[in-house]
Amino acid sequence: MSHFSYELLHRDSQTGARRGVFSTPHGTVQTPGFMPVGTQGTVKGVTIDQVAATGAEMILGNTYHLALRPGHETVRRLGGLHGMTLWEGPILTDSGGFQIFSLQSIREINEQQATFRSHIDGSIVQLTPEHSIEIQESLGSDVAMVLDHVVALPAKRSEVVDAMERSIRWAGRCLNAATRDDQARFAIVQGGLDTELRIQCATELSSMNFEGFAVGGLSVGEAPSEMYRITQATCPHLPEHKPRYLMGVGRPIDLLESVARGIDLFDCVMPTRNGRNAMAFTDRGNVKIRNAKYRDETRPLEEHCPCLACRHSLGYLRHLFVAKEMLGPILLTIHNLTYYQRVMAEARQAIENNTFAQYVIDKKAGWGIIDEPDADVE
Ligand SMILES: [Zn+2]
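Quick summary incoming for the structure in this document. Predicted model, so just to flag it, every value in this text is computed and none were measured.

Note that the residue after Thr31, namely Pro32, is joined by a cis bond; omega there is 0 degrees. Tracing the chain through its elements places Pro32 in the loop between strand 3 (27–31) and strand 4 (33–36). Put simply, Leu153 and Pro154 share a cis peptide bond, and its omega is -5 degrees. Secondary-structure assignment places Pro154 in the loop between strand 10 (143–145) and helix 7 (157–177). Of note in this structure, Leu86 is not a glycine but carries a positive phi near 70 degrees. Tracing the sequence through the fold places Leu86 in the loop between helix 4 (80–85) and strand 6 (91–94). Take Leu86: its relative accessible area is 60%, and that puts it in the exposed class. The residue Asn354 is not glycine, and still its phi comes out positive at about 60 degrees. Structurally, the position occupied by Asn354 is in the loop between helix 13 (327–352) and helix 14 (356–367).

Structure, rendered in structure tokens:
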């Protein structure tokens, strides 16, 4: 019997939103759900208990970073990602494909492997699909992502086709290389901003034996409406009874628009990175904590937020940032992660109630977002 399953609990009556549960050897994840990013084996600045207290059920680790430092064999000797971090829930590791692309350290991609320069010591490193799986098996994550070929957009169609076809072949090599039955493999749909290619890629990958499917290569600078268009075209061509993960996305509005189009799982550095940089996500939109108008503000950042940051006054939070105290970034990271989890929990409830479309409208009103004509929830 498989260690993994996705149970589709309810489909929203007005949108493509799905309410489900993804089960792994380290527990279940309620979907739609958001995974905080722990690039280097830590969600930056916060303890694992603080991460759990935000409501997060699954976190992310990063193959590229952990393979370069401390090295996957060292991670394995230190008990794997679970033993090292003390996180008891599910962990997903990405394959390294996106980091190689985004750090612009790529030297060459050929059929066999990606060759890149380490951002740490400049050494030349080669990564094959097989090696990516071997690393992720050493890290001991619950979900391993296949190594994919990401291209910078815009690109010539022939380049997008080439990268997409290679990504499919590499996905097959990842499946063949896998040896752990307690680790799921998720495929990654590529194809740039071309819906025809996306559908072809989704269809081909769906015929292979993956436990879940990701939409990759998005949130790389394209307009949000383009991302929604691709997500909307891709999801209907993915298996209904397996989880769908939109990689590296995004703002709260992007999460909701993508949930409406059938996405179940998300990850993004935005809540943690913005938190460290004094920007808070709230129901009334983004708040810049350093703003002088908050100097004497006795109310919290958000009245109804249960997080530790919101037990303090907003004036105190501002003071911490102005004084460059490390507690400021820590508290704001906690708040932003709590906020993302709260939005996902509300979304799940709204889907169950068949009120998701109205929920998105209400959220947008609070965030001050005026609809673009092509970004409507269907
Ligand atoms: Zn809060």
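Once that is clear, we can look at the pattern of salt bridges. Under the defined criterion, the tally for this structure stands at 20 salt bridges. With its nearest N and O atoms 2.9 Å apart, the salt bridge here joins Asp264 to Arg18. In this pair, Asp264 sits in the loop between helix 10 (252–259) and strand 14 (265–268) while Arg18 sits in strand 2 (residues 18–24), placing the two residues 246 residues apart along the sequence. As far as burial versus exposure is concerned, Asp264 and Arg18 are alike and both buried. One network of salt bridges, in which partners are shared, links Asp283, Glu302, Arg342, Glu346 and Lys363.

With that settled, the discussion passes to the coordination of the zinc ion. For the zinc ion, every protein donor is listed as Cys305 (SG), Cys307 (SG), Cys310 (SG) and His335 (ND1), and the spread of their distances is 2.1 to 2.3 Å. If you look at the zinc ion, its four donor atoms make angles of 98 to 115 degrees with each other, and the shape they trace is tetrahedral. When the donors of the zinc ion are listed by position in the chain, the intervening gaps give C-x1-C-x2-C-x24-H. Within this pair, whereas Cys305 is found in the loop between strand 16 (285–288) and helix 12 (314–322), its partner His335 is found in helix 13, the two being separated by 30 residues in sequence. As far as the burial class goes, Cys305 and His335 line up, both buried.

Another point: the nonpolar core. Ranked by internal contacts, the top residues of the largest apolar core, which has 109 residues, are Leu205, Tyr245, Ile289 and Phe356. Considering every element that reaches this core, the biggest residue donor is helix 13, with twelve residues. Ignoring anything within four residues of it in the chain, the contact list for Leu205 reads Ile168, Ala171, Ala187, Ile188, Val189, Phe210 and Phe213.

Attention now goes to the sheet that holds strand 11 (residues 184–189). What links the strands of a sheet is backbone hydrogen bonding, and the strands pair in either a parallel or an antiparallel sense. Across the sheet, which stays open at both edges, the eight strands sit in the order 4-14-13-12-11-10-6-5 with parallel pairing between neighbours. Of all the strands in the sheet, the pair left with one neighbour each is strand 4 and strand 5 (59–62). On average, each strand axis in the sheet is tilted by 25 degrees relative to the strand beside it, whichever way the strands run. The pairing of strand 4 with strand 14 spans four bridges and is parallel. From the neighbouring strand, Gly33 faces strand 14, where its bridge partner is Leu265. Contacting strand 6, strand 10 and strand 11, helix 6 (residues 129–139) crosses the sheet at an angle of about 155 degrees to strand 10. Sheet strands in contact with helix 8 (residues 195–206) are strand 11 and strand 12 (212–215), and its direction is about 160 degrees off that of strand 11.

Moving on, we come to the layout of surface pockets. Approximately 820 Å³ is the volume found for the largest pocket. Taken together, 36 residues line the largest pocket, and the ones lying closest to its centre are Phe98, Gln99, Asp267, Val269 and Arg273. At the level of secondary structure, the elements contributing two or more residues to the lining of the largest pocket comprise strand 5, helix 5 (97–102), strand 14 and helix 11 (270–276). It is helix 11 that contributes the most residues to the lining of the largest pocket, five residues altogether. For the lining of the largest pocket, the per-class residue count stands at twelve nonpolar, 18 polar and six charged.

Our focus in this paragraph is the packing of helix 9 (residues 224–234) against helix 10. Relative orientation of the contacting elements helix 9 and helix 10 amounts to 25 degrees, with a least axis distance of 10 Å. Compared by their axis directions, helix 9 and helix 10 come out roughly parallel. Here helix 9 runs over helix 10; the crossing is right-handed. Contact residues: helix 9 offers Pro224, Met227, Tyr228 and Thr231, while helix 10 offers Ile253, Asp254, Glu257 and Ser258.

Conventions used here
- Residues numbered from 1 in each chain as written.
- Predicted model: local features only at pLDDT ≥ 70, side-chain atom pairs only at ≥ 80, totals over all residues.
- Heavy atoms only, no water.
- Helix = DSSP H or I, 4+ residues; strand = E, 2+ residues; numbered from the N terminus.
- Buried < 20%, exposed > 50% of the residue type's maximum accessible area, 1.4 Å probe, protein only.
- Salt bridge = Lys/Arg side-chain N within 4 Å of Asp/Glu carboxyl O.
- Donors = N, O, S within 2.8 Å, 3.2 Å for Na, K, Ca; no water.
- Tetrahedral: all angles 85-135°; square planar, octahedral: opposite > 155°, others 65-115°.
- Core = buried A, V, L, I, M, F, W, Y, C linked by side-chain atoms within 4.5 Å.
- Contact = heavy atoms within 4.5 Å.
- Pairing = 2+ DSSP bridges.
- Axes fitted to C-alpha atoms, helices over the stretch in contact; angles between N-to-C directions.
- 1 Å grid on protein atoms, 1.4 Å probe; cavity = no way out; pocket = protein on both sides within 12 Å on 5 of 7 lines; lining within 4 Å.
- Points joined across faces, edges and corners; volume = space filled by probe spheres on them.
- Nonpolar A, V, L, I, M, F, W, Y, C, P; charged D, E, K, R; others polar.
- Parallel < 35°, antiparallel > 145°, perpendicular 65-115°, else oblique.
- Left-handed = near helix turned anticlockwise from the far one by under 90°.

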